[in-house]
Amino acid sequence: MSFDFDAPEDVGGSGKFLNEPGTYHLAVMKVHEGQMANGKPISGFCVSMSVLAGTVEGQQEKELDLTFFNGKLNSKDKGEFARKKQAAFLIAAGLMTPAQLGQRGLKIDLSQSEGRQVVATLEYDEHEGSEKKFL
């Protein structure tokens, strides 16, 4: 048995995960210390967030996981860029202040960021060995 069907241009929606670059007002839902959101161990932490609002329409309530890897001493910049990304999140989430930049041995409780809100501008990035784009 068959039927005639006019297929649509797409099937609508893109799932629950944010996939559009833009500037977003985000709520921190969960912090995963030492692991990705899926439980895979990493050197760093992962933050699961939900979109409250943003510059791209239709993205409200979409989710994303941002991973903040620890800096590696054997990298070209000795891990400085990774530490700067972590510090930017810590400041945005209210876990440290800009006045604390440059201080050593700060004790940060990442779980205190859960329930807080941050603003972030997200762009596409490509991972080595993959043709997929990631925010």
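Right above here is the structure, for reference.
Computed from a prediction, not measured in an experiment: that's the story for all the values here. (Residues numbered from 1 in each chain as written. Predicted model: local features only at pLDDT ≥ 70, side-chain atom pairs only at ≥ 80, totals over all residues. Heavy atoms only, no water.)

Draft legend 1. Highlighting the overall build of the chain. Of the regular secondary structure elements, the chain holds 1 helix and 6 strands. When its helices and strands are written in sequence order, the chain yields β-β-β-α-β-β-β. At 18 Å, the chain has a C-alpha radius of gyration far larger than the 14 Å of a compact globule built from 135 residues. Expressed along its principal axes, the backbone C-alpha trace of the chain runs to roughly 70 × 35 × 25 Å. Sequence-distant contacts, at least 24 apart, represent 49% of the contacts inside the chain between residues at least 6 apart. Working note: accessible area of the chain is about 9800 Å², and carbon and sulfur atoms make up 51% of it. Each charge class in the chain was averaged separately, 15 positive and 19 negative side chains, and the resulting centres sit 15 Å apart. (Helix = DSSP H or I, 4+ residues; strand = E, 2+ residues; numbered from the N terminus. Rg over C-alpha atoms; globule rule 2.2 N^0.38 Å. Contact = heavy atoms within 4.5 Å. Areas by Shrake-Rupley, 256 points an atom, 1.4 Å probe, with all protein chains shown as cover. Lys, Arg positive; Asp, Glu negative; His and termini not counted. Charge placed at Lys NZ, Arg CZ, Asp CG, Glu CD.)

Draft legend 2. Summary view of unusual backbone geometry. With a phi close to 75 degrees, Glu61 is a non-glycine residue in the positive phi region. One can find Glu61 in the loop between strand 2 (41-54) and strand 3 (63-69). Its identity is not glycine, yet Lys78 carries a phi of approximately 60 degrees, on the positive side. Position of Lys78 among the secondary structure elements: in the loop between strand 3 and helix 1 (80-92).

Draft legend 3. View of a negative patch on the surface. On the surface, Glu123, Asp125, Glu126 and Glu131 cluster together to form a negatively charged patch. Along the polypeptide, Asp125 turns up in strand 5 (residues 125-126). (Patch = residues over 30% accessible without salt bridge, like charges linked within 9 Å, V, L, I, M, F, W, Y side chains within 5 Å. Salt bridge = Lys/Arg side-chain N within 4 Å of Asp/Glu carboxyl O.)

Just distances and angles here, no functional claims.
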